[in-house]
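Each chain, written out:
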Amino acid sequence: MLAIVATILYAAFAKLSLKAYKEQSQKLKYLEELKESQRNIIQKFSEISEAKSGETGQHIKRVSEYSAILAAKCGLSENEVEMISTASMMHDVGKLLIPREIIEKPGVLLTR
Ligand SMILES: [Fe+2]
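The notes below deal with the structure included here. Every chain begins its residue count from 1, and numbering advances along the sequence as written. Totals for whole chains, interfaces and linings use all residues, but because this is a predicted model, local features are given only for residues with pLDDT of at least 70 and pairs of side-chain atoms are given and counted only at 80 or more. Hydrogen atoms and water are omitted, and side-chain values are computed over all heavy atoms in the structure.

### Considering helix α2 (residues 59-73)
Thinking step 1. Helix and strand assignments come from DSSP, with helices taken as H or I runs of at least 4 residues and strands as E runs of at least 2, each series counted from the N terminus. To estimate the expected span of a helix, count its residues, drop one, and scale the result by 1.5 Å. In this model, α2 (15 residues) spans 21 Å end to end at C-alpha, consistent with the 21 Å of a helix rising 1.5 Å per residue.
Thinking step 2. Of the residues making up α2, those classed as buried are H59, I60, V63, S64, S67, A68 and A71. What you see down the axis of α2 is that its buried residues fit within an arc of 165°, all on one side. Exposed residues on α2 whose side chains face more than 90 degrees from its buried face are Y66 and K73.
Thinking step 3. Once α2 finishes, G75 follows within two positions and takes phi at roughly 85°, a positive value. Each residue is assigned to one of three classes by its accessible area relative to the maximum for its type, calculated with a 1.4 Å probe on protein chains only: buried under 20%, partly exposed between the two thresholds, exposed over 50%. Regarding the arc, it is the one traced by the directions from the helix axis to the C-beta atoms.

### Some thoughts on helix α1 (residues 2-53)
Thinking step 1. In this model, α1 (52 residues) spans 75 Å end to end at C-alpha, consistent with the 76 Å of a helix rising 1.5 Å per residue.
Thinking step 2. On the buried face of α1, the contacting elements are α2 and α4 (100-103). Contacts are assigned to residue pairs that have any heavy atoms within 4.5 Å of one another.

### Considering the pattern of salt bridges
Thinking step 1. Salt bridges are defined by distance alone: a side-chain nitrogen of Lys or Arg within 4 Å of a carboxyl oxygen of Asp or Glu. By the definition in use, this model includes five salt bridges.
Thinking step 2. Of the charged contacts, one joins K35 and E82 as a salt bridge, the two residues approaching to 3.5 Å between their closest N and O atoms. With K35 in helix α1 and E82 in helix α3 (residues 78-88), the pair connects residues that are 47 residues apart, well separated along the chain.
Thinking step 3. For E82, a relative accessible area of 34% corresponds to the partly exposed category.
Thinking step 4. Of the charged contacts in the structure, one is a salt bridge between K44 and E47, with a shortest N-O distance of 3.5 Å. Here E47 and K44 lie together in helix α1, a separation of three residues that amounts to about one turn.
Thinking step 5. Taking relative accessible area as the criterion, E47 reaches 32% and is therefore assigned partly exposed.

Right, here's the structure in full:
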């Protein structure tokens, strides 16, 4: 009798564990999709600012890769390296609000 109860309890526990595992896996999958979506949005914003500033087209990608390399060399975690890589793509986004004449002006902006 005790063996039957133990088997039933074990089966119920295993079923709950499997359900919790599946739910956790689904949450992790959603989080990964959210991270990828955020990175894509940031990349698109960055590409728009890059296009406005007349950069060569690979500037954002290069800065992101260099930032990741430096972050890794500094001993940051894989997650931190990824965040820095993504955030670095935003470094020129402020150019979106600066008039093109100023961005493309050759030479210095102010003289004394
Ligand atoms: Fe830049």
